[in-house]
Every structure is written in C-alpha cells, then in structure tokens.
Amino acid sequence: MPPFSTTTLLTILTLLILTTLATPSPPLPYAIFLLRAFGPLSPLQLLARHHLLTLHLPARTLAPPSLARTHTFASFLADFALGAIDVLIIPGGARARSPDLGPEVDFIRRVVGAGQVGHLVTICTGSGVAAQAGVLDGRRVTTNRGAWATVGAVGPAVKWVAPACWAVDGNIWSPSGVSAGLDLIFAFIKGKYPDGPALATKFSGLIEYQPNTNSSHDPWSGYFNIPTPNQL
Ligand SMILES: *[C@@H]1O[C@H](CO)[C@@H](O)[C@H](O)[C@H]1NC(C)=O
C-alpha cells in the first residue's frame, strides 16, 4: 500500500483552493467538502509524520470533481481484502442527503459488514449514510443536530445519542456536527496511539485549534430541541 503522503494531500488542498478561487461565484459544495473531509483529515495528515498511515479515498467513480479520489468502489474492493481497512471514515455534507446513494450504501455494507473494519468513523451526516447500510443498527451513535430528524428517519434501529459532542460505541466513533468531527479526531488520536496525548497537544498548536475534550459538552442539543432518550 502506498504511504499516506502529506505532499499529495497538500497538493489536493491547494488544487481545491485554487479551483475555488478561480470560480466566479464561490462554490458552496466545495466549501462543505473541504471542511467536512479535510477538517478532520488535517490532524491525520500531521499524524502521518509520526506513524505509518495509509489513506485511500474511494468513490463510486473517478469522474470530476474527483481530485481526492483514489479508487472506485469496485477497484477498492478488488485491491483490498475485506478486513484490510483499519479505519473507514464516512463524511457527511450535502450529498449525504441525496436519495441516490445506492453505490455508497452497498460499498459500506460490504466493507463494514460483519465487523470487517477496525473502526468506523462517521462525520456529521455521514452517520445517515452508514445507517442506510444497516451497519449502525443497535449501536449508540450521534449525528448533526440540525439534521437530527432526517438522519434519524433513515436509521430507525440506531440508538441516537444526545446530548453529546461525540459518541463511541465499541469500534464506532461518531461526532455530532462537522466541527465536532475535529474534536473527535483529536480524541481518536489521543486514545489510539501510545504517544497520542502528546501528539494531540502538538497538533492542536500546529493547526491553532483548541479541541473540546469533553464528549458531554453539547450546546447544540438544547439549541435544536433534540430529544434525549439515549444519553452518553
Ligand atoms: C462536560 O460537559 C458537561 C455538559 O456540559 C458538564 O456537565 C461537565 O461538567 C463537563 N465536564 C468537565 C470535566 O468539564
């Protein structure tokens, strides 16, 4: 497997930013994509300087806009044995609410299936996509407060948790909204690497972000009047 390359990620980021700047009206999906995918990825990019990390970005096709995609779902399934992926991250965003997610849902069902990934990390409304694959049934998961009702509707068998900045149920890690995804990634790094606490402190300074370290801290459940039958 190719090593996770910080240069590649930086190049992708630069290209995305340049594309955004070159477009007359700011393309909102790019802004969402950058934040949702690359916000939580930046601590991982830093982590790659300290620990061997490989990153693959599968999508249904490699068609544009596909700067960040490394595999189609089919080539990914051909290249990797089930069980080979340690961390699968499912971002959310506008596309996560599309009615046309058949290939994504099938892919998640196949890759996650019966405990075939080490960890499943959903970001924001990505939990709604994972829920449609049935891989969150019976698990304690949280999601974006503003999308609570729509995401809940596609995952009636999921134990949706609130209030929570993020929830962990075994190998399933889920933040509430997208910014909480960054807090979760810091908690993940802290919890999963022996030098994680020191690295988290270091990365926090490098990206000038002070993560919330309290998974119970959730001002948004009250703001959105979220029901709380399943608490942390
Ligand atoms: C974590 O947040 C909860 C909810 O806001 C609060 O009650 C609790 O005191 C906080 N814990 C710490 C250690 O700050």
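Because the structure is a prediction, the values reported are computed rather than measured. (Residues numbered from 1 in each chain as written. Predicted model: local features only at pLDDT ≥ 70, side-chain atom pairs only at ≥ 80, totals over all residues.)

Enquirer: Can you help me understand the packing of helix α7 (residues 178-192) against helix α8 (residues 196-206) in this one?
Expert: For any two helices packed against each other, one specifies the inter-axial angle together with the distance between the axes. Put simply, α7 and α8 touch, their axes get as near as 6 Å, and they point 150° apart. The pairing of α7 with α8 is recorded here as roughly antiparallel in orientation. Residues Phe186, Ile189, Lys190, Gly191 and Lys192 of α7 form the contact with α8, whose own contacting residues are Gly196, Pro197, Leu199, Ala200 and Ser204. Grouping the amino acids of the contact of α7 with α8 by side-chain chemistry returns five nonpolar, three polar and two charged. (Axes fitted to C-alpha atoms, helices over the stretch in contact; angles between N-to-C directions. Helix = DSSP H or I, 4+ residues; strand = E, 2+ residues; numbered from the N terminus. Parallel < 35°, antiparallel > 145°, perpendicular 65-115°, else oblique. Contact = placed C-beta atoms within 7 Å. Nonpolar A, V, L, I, M, F, W, Y, C, P; charged D, E, K, R; others polar.)

Enquirer: Would you mind going over the pairing of strand β8 (residues 172-175) with me for this structure?
Expert: Within a regular beta strand, the side chains point alternately toward one face of the sheet and then the other, so they alternate between its two faces. A two-sided burial pattern is seen for β8, the buried positions comprising Ile172 and Ser174 on one face and Trp173 and Pro175 on the other. The pairing of strand β4 (residues 119-122) with β8 spans two bridges and is classified as parallel. In the strand pairing of β8, Leu120 is matched with Ile172. Here four bridges tie strand β7 (residues 166-169) to β8, and the two strands are oriented antiparallel to one another. Bridge assignment links Trp166 to a residue of β8, and that residue is Pro175. Connecting β7 to the next strand, β8, in antiparallel fashion are two residues, including Gly170 with a positive phi near 60°. (Buried ≥ 20, exposed ≤ 12 C-beta atoms within 10 Å, placed from the backbone. Pairing = 2+ DSSP bridges.)

Enquirer: Honestly, the environment of Gly102 in this entry has me stumped. Any pointers?
Expert: Position of Gly102 among the secondary structure elements: in helix α4 (residues 102-112). A count of 10 C-beta atoms within 10 Å places Gly102 in the exposed class. Placed 31 residues apart in sequence, Gly102 and Ala133 show a C-alpha to C-alpha distance of 9.3 Å.

Enquirer: Would you mind going over the nonpolar core with me for this structure?
Expert: Soluble globular proteins: nonpolar side chains tend toward being buried together. Among the nonpolar cores identified, the biggest contains 49 residues, and Ile108, Val112, Leu120, Ala130 and Trp166 are the most heavily contacted of them. No other element matches α7, which puts nine residues into this core. Each residue touching Ala130, except ones within four places of it in the same chain, is listed here: Ile90, Ile108, Leu120, Thr122, Val135 and Leu136. (Core = buried A, V, L, I, M, F, W, Y, C linked by C-beta atoms within 7 Å.)

Enquirer: Any chance you could explain α7 here in plain terms?
Expert: For an α-helix the count is 3.6 residues per turn, leaving residues at separations of three or four pointing the same way. Counted at 1.5 Å a residue, the expected span for α7 with its 15 residues is 21 Å, and the 21 Å between its end C-alpha atoms agrees. Among the 15 residues of α7, eleven are classified as buried, and the element is accordingly described as predominantly covered. (Expected span 1.5 Å × (residues − 1).)

Enquirer: Would you mind going over the sheet that holds β8 with me for this structure?
Expert: One key point about sheets: their strands pair by backbone hydrogen bonds, in either a parallel or an antiparallel sense. Strand order across the open sheet formed by four strands is β3-β4-β8-β7, with mixed pairing between neighbours. Strand pairing shows two members of the sheet lacking a second neighbour, β3 (87-90) and β7, which therefore form its edges. Strand after strand, the sheet turns through a mean of 15° between neighbouring axes, direction not considered. Bridging between β3 and β4 involves four bridges; their strand directions are parallel. Residue Val87 lies in a different strand from β4, and its bridge partner there is His119. With respect to the sheet, α7 is in contact with β4, β7 and β8, its orientation differing from that of β8 by roughly 145°.

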